[in-house]
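Analysis of the macromolecular model
Residues per chain, in single letters:
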Amino acid sequence: MMPRLAHYLPVLEWGRAYGSTALMNDLVAAGIVTIMLIPQSLAYAMLAGLPPEVGLYASILPILAYALFGTSRSLAVGPVAVISLMTLTAASSVASPGSAEFVAAALVLALLSGLFLLLMGVLKLGFLANLLSHPVVSGFITASGIIIATSQLKAIFGISASGEAMPELVETLIANLGQTNPATLIIGVLSTAFLFWVRKGLKPLLIKAGLQPRPADLMAKAGPIAAVAAATLAVVLLDLEERGVAIVGDIPQSLPPLTMPLFDAGLWQQLAIPALLLSIIGFVESVSVAQTLAAKKRQRIDPDQELIGLGAANVAASFSGGYPVTGGFARSVVNFDAGAETPAAGAFTAVGIAIAALFLTPLLYSLPIATLAATIIVAVLSLVDLRTPLTIWRYSRADFAAMATTIVVTLLMGVEPGVIAGVGLSLALYLWRSSRPHAAIVGRVPETGHFRNVKRHKVITDPRILTIRVDESLTYLNARWLEEFVLEAVADHPDVKHLVLMSSAVNSIDASALESLEAINHRLCDAGIKLHLSEVKGPVMDRLERSFFLEELTGQVFLSQDEAFAALLLAGEDMPPQREDVWLARGLI
């Protein structure tokens, strides 16, 4: 009973071995992540069009929920840039940013996303993340990063701008440049420059000063706190609020409120598709980070249980005044580097954020919004990857097409159309490739038992024997193609008497493909050619035995292609069809 319960509550597994060493490591990691998460939470909430305190609320109960149900020892859950942008886009379709209806829509998005994730976890649909190929995810994150960075320029310049895609954003930014606030621009530029320098220049400087690499790296990653403190102090000392510098203002001193998502059928219907896309994107981003960090410590995560953990986190966010959350790359890496050993580090982080929400928010009153914008810009530009498209172009034109389409559509039309276009094109390319699998006519490599493509190697062949190797499972997608390929190959080899389908790469044969094999068998028989199979895998053979195909097969089923080639060379045209007793003797059935 306990192992089964521990599968759904991983805390019961790692909690049994929790000791003082793990406690100290988790506390240190939590302290560092808390310092990093406070400005990020505020910034990402404002990116999502929500009050800044919502970011803090989304970083408390959701983290605790993931600590109970998640399987990653290092993943740091909370608000992230891409999910914040998707929340802004989805909620803006039903309400104006900043309004009470907008906040209600964000709560519904969190609840729907959580329910979708929980449902996928219960149904063990973690494999659905594979619908988003790496080029599509990389393209989407790159395009989203560009959009997010561009959208934050309005805060850097102290002007207004609007739009969910690049054309409108750029147009409104240019139109309002004349209203730039000089003091805001100085703070924004200095904050951005400082944060970029901290990422690259502070660590070497600290090491040169005698600090060890690991603490130097962690201090460099906590740089946003220094930027927040300096900018806030500048606003207070120089009275920059009077000069038009926008500040965060009052942030309630309180723990997350108990909120009840609005149960409105029409609103749920409007937000269902965006919430589904949001949950899938969030899961892909989170599980990618979790798997990468787990591999470094030779640990493993359970993708299906990760769905449960992230689903619980989002449901918790919806009932505690938050908005959709997922695992963040930057925070998770910091959490890992800081020595976090268990999800308890996340729980301690939640406690730290709760303390900040209760006691530290008055200190953030004069925090310039331009500094928060700089924090977002520096964070998201690290996600923009312009090298991968070139690499993928050299490797695969089809994958490049999927990536480029995702980038272009996302930039021009917004995040949701970009995801849909990328997924749609990826599936279309997959179906196209599956409908035209690689196949080759093969021959035997001299003095070996190996068979290779006649176009790539010098091999031994016989005009009476034609061997075709199919490098794909046979399904309804490629069944007709296989018929055409075989008949065309036979037409090009008029002396053929035996055709062998080498099936070493065939993992399954569905009903449509079986029908095509039967048609091929009959057509070849009419032409005086016998059809043979070689290297048929056990599960495939099991299914063939449940059909009439083997009884009607004009040729034999061989254990190996080398055996088939040798037997057919010796037998010539007079070889009888394979009998069931011979199959039994060979151990094929």
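The numbering scheme is per chain: residues are counted from 1 as the chain's sequence reads. Residue-level local features of this predicted model are given only where pLDDT is at least 70; pairs of side-chain atoms are given and counted only at 80 or more, and the full residue set underlies all totals for whole chains, interfaces and linings. To obtain the side-chain values, all non-hydrogen atoms of the structure were used and water was disregarded.

So, the overall build of the protein
In this text, helices come from DSSP runs of H or I with a minimum length of four residues, and strands from runs of E with a minimum of two, each type numbered from the N-terminal end. The helix and strand tally for the protein stands at 27 helices and 8 strands. Expressed along its principal axes, the backbone C-alpha trace of the protein runs to roughly 100 × 60 × 60 Å. Throughout this description, buried means an accessible area under 20% of the type-specific maximum (1.4 Å probe, protein chains only), exposed means over 50%, and partly exposed covers the range between. Out of the 589 residues in the protein, the part that is buried amounts to 53%. In the protein, of all internal contacts separated by at least 6 residues, the share reaching a separation of at least 24 is 78%. Surface accessibility in these figures is a Shrake-Rupley result with a 1.4 Å probe; residues are shielded only by whichever protein chains are displayed. Put simply, the protein shows about 26700 Å² of open surface, and 63% of that area lies on carbon and sulfur atoms. By definition in these notes, contact holds between two residues if any of their heavy atoms fall within 4.5 Å.

Remarks on the environment of Gly414
Residue position: Gly414 is located in the loop between helix H20 (397-413) and helix H21 (415-435). Remark: the alpha-carbon pair of Gly414 and Ile301, spanning 113 residues in sequence, is separated by 32 Å. Look past the residues within four positions of Gly414 in its chain and what remains in contact with it is Glu164, Ala165 and Val409.

As for helix H14 (residues 265-296)
Taking 1.5 Å per residue as the helical rise, H14 with its 32 residues ought to reach 46 Å, and the 45 Å between its terminal C-alpha atoms agrees with that figure. Where H14 bends most, the angle comes to about 45°, and this point is Ala272, followed within four residues by the proline Pro274. Of the residues flanking the start of H14, the one acting as N-cap is Asp264, its side-chain oxygen 2.9 Å from the backbone nitrogen of Gly266. One or two positions beyond H14, positive phi appears at Arg298, with a value near 55°. One less than the number of residues in a helix, times 1.5 Å, gives the span that helix is expected to have. Fitting one axis to the seven residues ending at a residue and another to the seven starting there, the bend at that residue is the angle between the two axes. We define a polar contact as two N or O atoms separated by no more than 3.5 Å, with the added condition that, inside protein, one atom must be a possible hydrogen donor and the other a possible acceptor, whereas residues neighbouring each other in sequence contribute only through side-chain atom pairs.

As for a nonpolar patch on the surface
Patches here are clusters of residues that have more than 30% relative accessible area and form no salt bridge, with a 9 Å joining cutoff for like charges and a 5 Å cutoff for nonpolar side chains (Val, Leu, Ile, Met, Phe, Trp, Tyr). When a carboxyl oxygen of Asp or Glu is within 4 Å of a side-chain nitrogen of Lys or Arg, the pair counts as a salt bridge. A contiguous nonpolar patch, built from Val351, Ile355, Phe359, Leu360 and Leu363 and spanning about 500 Å² of accessible area, is present on the exposed surface. Tracing the backbone through its elements, the reader meets Val351 in helix H17 (residues 344-360).

Quick notes on empty space enclosed by the protein
The rolling of a water-molecule-sized probe over the atoms marks out the regions of remaining empty space. Points on a 1 Å grid, built from protein atoms alone, make a cavity when a 1.4 Å probe fits but cannot get out and make a pocket when they are open with protein on both sides within 12 Å along at least 5 of 7 lines; residues with an atom within 4 Å of a point are the lining residues. Grid points are joined across faces, edges and corners, and a volume is the space filled by probe spheres set on the points. Following the criterion strictly, the structure yields 6 cavities of 30 Å³ or more and no others. In this structure, the largest cavity encloses a volume near 120 Å³. Taken together, 17 residues form the lining of the largest cavity, with Ile63, Leu75, Ala76, Val77 and Gly346 sitting closest to its centre. Among the secondary structure elements, those contributing two or more residues to the lining of the largest cavity are helix H3 (20-47), helix H5 (61-69), helix H16 (329-337) and H17. Nonpolar residues are Ala, Val, Leu, Ile, Met, Phe, Trp, Tyr, Cys and Pro. Charged residues are Asp, Glu, Lys and Arg, and all others, Gly as well, are polar. Residues belonging to the lining of the largest cavity are distributed by class as follows: 10 nonpolar, 5 polar and 2 charged.

Structural notes on the layout of surface pockets
Size it by volume and the second largest pocket reaches roughly 550 Å³. Lining the second largest pocket are 30 residues, and of these Met46, Ser151, Gln152, Lys154 and Ala161 sit closest to its centre. Counting only elements with at least two residues in the lining of the second largest pocket, the list comes to H3, helix H6 (81-92), helix H8 (134-151), helix H9 (153-157) and helix H18 (369-381). For the lining of the second largest pocket, the element with the highest residue contribution is H18, accounting for 5 residues. Each residue belonging to the lining of the second largest pocket can be placed in one class, and the counts come to 18 nonpolar, 10 polar and 2 charged.

Remarks on the pattern of salt bridges
Side chains carrying opposite charge are able to pair once their charged atoms draw close together. Throughout the structure, instances matching the rule amount to 6 salt bridges. In this structure, the salt-bridge partner of Asp562 is Arg444, at a minimum N-O distance of 2.7 Å. One end of the pair, Asp562, is in helix H26 (residues 561-571); the other, Arg444, is in strand S3 (residues 439-444), with 118 residues separating them in the sequence. The exposure class of Asp562 is partly exposed, given its relative accessible area of 28%. Between Glu483 and Arg523 there is a salt bridge, with the nearest N and O atoms lying 3.7 Å from each other.

Observations concerning the sheet that holds strand S6 (residues 498-502)
One open sheet accounts for 6 strands, arranged S4-S3-S5-S6-S7-S8; its pairing is mixed. One side of each edge strand has no neighbouring strand; the edge strands of this open sheet are strand S4 (451-453) and strand S8 (557-558). Paired strands, in this sense, are two strands between which DSSP finds at least two bridges. Across 2 bridges, the pairing between strand S7 (residues 530-534) and S8 is parallel. Each bridged residue has a counterpart across the sheet, and for Ser534 the counterpart in S8 is Phe558.

Regarding the pairing of S3
With respect to burial, S3 is a largely interior element, 5 of its 6 residues being buried. In this structure, S3 lies alongside strand S5 (residues 465-470), joined through 4 bridges in antiparallel fashion. Residue pairing across strands places Ile441 opposite Ile468, the latter belonging to S5. Bridge count for S3 against S4 is 3 bridges, and the pairing is antiparallel. From the neighbouring strand, Val442 faces S4, where its bridge partner is Asn453.

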